[in-house]
Amino acid sequence: MPEQSDDLLAIQMTLQGQQPAYATLVNKYQSYVFTLALRYVNDREVAEELAQDVFVKAYRHLADFKGNSKFSTWLYTIVHTTCLSHIRKKKDDAILLEEEKMITISDNRFSQNPSERMEQKTQKQMLKNALNHLSAADAQLLTLFYLAEQSVDEIGIILGLTATNVKVRLFRATQKLREILKSRYGRELIG
Amino acid sequence: MEQHLEIEQQLWEYIDGICDGADTQRISLLITTNALWKEKYQYLIALHESIAGIEGDQPSLRFTKNVMDAVSTAHIVRATKQYFNMGVIRGIAALFILALVAVLVYAIALAKPHAGNAAVFPKLNLTRLFSSGFLDLIVCINIVLGLAFADLLLRKKRLHPSS
């Protein structure tokens, strides 16, 4: 796994005092962390602050990374706890947290005024918008699987689920995504 | 309807590469031989490629610099395992196990006296050991230790409220 060994090398160098080596990890995972944080808070500014906090915490506790799992898996646990702490403090009314459940924000939060609809031309943009309309838990799952390329087993470890549960939830999330795409954009997107 | 959902679920697992070898072969065959499976597969593979092609959102251009500025003043904390001296933990565990074994042996020996073999175990006079004075001393020590620990914890929380 060359990717994993690159990460381990950067971590070792950072632990040896070569701080610039940490920048390679930040550059590599900033999109991943930021996207995940955005799933929790739906505010770019806040998500960026949280993502920054995540990397600082990861830096401080880098010695605790054992290398048994992917660095992205370990990073995710920090994202999860940081974002949950923030949400509990701020009591964000966009996303209310109940133990392990996250409730979807209302459709009105995402502006769908006519000019924005006109701008949503590209397929990727449509999919991104559709993802935003999924529940945070489903969007998170799809992000972990497709963007972060975590395996089903790794996602199971992260979310505390069995591999079978992950598969079922993945399927349901993609089904919901399809329904959103059909209802909002018709069939122009796929097929 | 349920059959369609079942087919789609299997196809998703096939496309995502998360079904086992036997199922992979079976589904491959179905895709090539069954019109319904083929149609659904073509639809889902297109959707899968679209989803897989989604890029993550990007933070601001200054993000990496902001992070590196923040970590420049931070210190890497020692690994958690280094806080614990395993020798001490093993020693305490050994102490408890030995004490339990000793109590067990003593209890069994007293419970089953052999006529021809006089038990060598002396009967301990525990009332003398657990006199009120001795107990009071133990309780006082525990209270002082408990208060010291509570003080340490509260002091730490006051200085670092976020932790």
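Everything numeric here is computed off the predicted structure, so don't read it as measured data. (Residues numbered from 1 in each chain as written. Chains lettered and ligands numbered in written order. Predicted model: local features only at pLDDT ≥ 70, side-chain atom pairs only at ≥ 80, totals over all residues.)

## A look at the overall build of chain B
Consideration 1: Counting its secondary structure elements, chain B contains seven helices and zero strands.
Consideration 2: Counting the 163 residues in chain B, one finds 9% classified as buried. (Helix = DSSP H or I, 4+ residues; strand = E, 2+ residues; numbered from the N terminus. Buried ≥ 20, exposed ≤ 12 C-beta atoms within 10 Å, placed from the backbone.)

## With respect to the overall build of chain A
Consideration 1: Counting its regular elements, chain A contains nine helices and two strands.
Consideration 2: Across chain A, helices and strands are ordered from the amino to the carboxyl terminus as α-α-α-α-β-β-α-α-α-α-α.
Consideration 3: By residue count, 35% of the 191 residues in chain A fall in the buried class.

## Section: the nonpolar core
One recurring pattern in soluble globular proteins: nonpolar side chains tend to sit buried together.
Consideration 1: The biggest cluster of nonpolar side chains holds 59 residues, and the ones touching the most others in it are Val33 and Ala37 of chain A.
Consideration 2: If we ignore the near neighbours within four places in the chain, the residues touching Val33 of chain A are Ala51, Val54, Phe55, Leu75 and Val79 of chain A. (Core = buried A, V, L, I, M, F, W, Y, C linked by C-beta atoms within 7 Å. Contact = placed C-beta atoms within 7 Å.)

## Considerations on the interface of chain A and chain B
Consideration 1: Listed by partner, the interface residues are 38 residues for chain A and 33 residues for chain B.
Consideration 2: Elements that contribute at least two residues to the side of chain A that touches chain B include exactly α2 (20–41), α3 (44–60), α6 (123–132), α7 (136–147) and α9 (163–185) of chain A.
Consideration 3: With 10 residues, the top contributor of residues to the side of chain A that touches chain B is α2 of chain A.
Consideration 4: Of the residues contributing to the side of chain A that touches chain B, the split by class is 21 nonpolar, 10 polar and seven charged. (Nonpolar A, V, L, I, M, F, W, Y, C, P; charged D, E, K, R; others polar.)

## Some points on α6 of chain A
Consideration 1: What α6 of chain A keeps buried is the set Leu127, Ala130 and Leu131 of chain A. Buried residues of α6 of chain A, viewed axially, fall in a sector of 100°; they line one side. (Arc of directions from axis to C-beta.)

## Concerning α7 of chain A
All names here are of chain A.
Consideration 1: Taking burial as the measure, the 12 residues of α7 include 11 buried ones, the bulk of the element.
Consideration 2: Inspection of α7 places Ala136, Asp138, Ala139, Gln140, Leu141, Leu142, Thr143, Leu144, Phe145, Tyr146 and Leu147 among the buried residues, and these make up the whole buried set.
Consideration 3: Just downstream of α7 lies Glu149, where phi reads positive at about 55°.

## What to know about the packing of α2 of chain A against helix α4 (residues 71–90) of chain A
Residue and element names in this part refer to chain A.
Consideration 1: Following both chains from N to C, one finds α2 and α4 inclined at 30°, their axes separated by 10 Å at the closest point. Considering only the axes of α2 and α4, their crossing is right-handed. Along its contact with α2, which presents Tyr29, Tyr32, Val33, Leu36, Ala37, Tyr40 and Val41, the element α4 presents Ser72, Leu75, Tyr76, Val79, Cys83 and Ile87.
Consideration 2: For the contact of α2 with α4, a count of residues per class yields 12 nonpolar, one polar and no charged. (Axes fitted to C-alpha atoms, helices over the stretch in contact; angles between N-to-C directions. Left-handed = near helix turned anticlockwise from the far one by under 90°.)

## Thoughts on the packing of α3 of chain A against α4 of chain A
Residues and elements named next belong to chain A.
Consideration 1: Orientation of α3 relative to α4, taken along the N-to-C sense of each, is 130°, at an axis distance of 9 Å. The angle between α3 and α4 places the two elements in the oblique class. Helix-helix and strand crossings are classified by hand; for α3 and α4 the assignment is right-handed. Between α3 and α4, the residues in contact are Leu50, Asp53, Val54, Lys57 and Ala58 and Leu75, Ile78, Val79, Thr82, Cys83 and His86, respectively.
Consideration 2: Of the residues in the contact of α3 with α4, the class split is seven nonpolar, two polar and two charged. (Parallel < 35°, antiparallel > 145°, perpendicular 65-115°, else oblique.)

## What to know about the confidence of the model for chain B
Residue and element names in this part refer to chain B.
Consideration 1: Per-chain confidence: chain B averages 82 in pLDDT, with 82% of residues scoring 70 or above.
Consideration 2: Per-element averaging of pLDDT across chain B places helix α6 (residues 126–129) at the bottom with 67 and helix α4 (residues 63–72) at the top with 93.
Consideration 3: Taken over the whole predicted complex, pTM reads 0.63, whereas the ipTM for its chain interfaces reads 0.71. (pLDDT = per-residue confidence, 0-100.)

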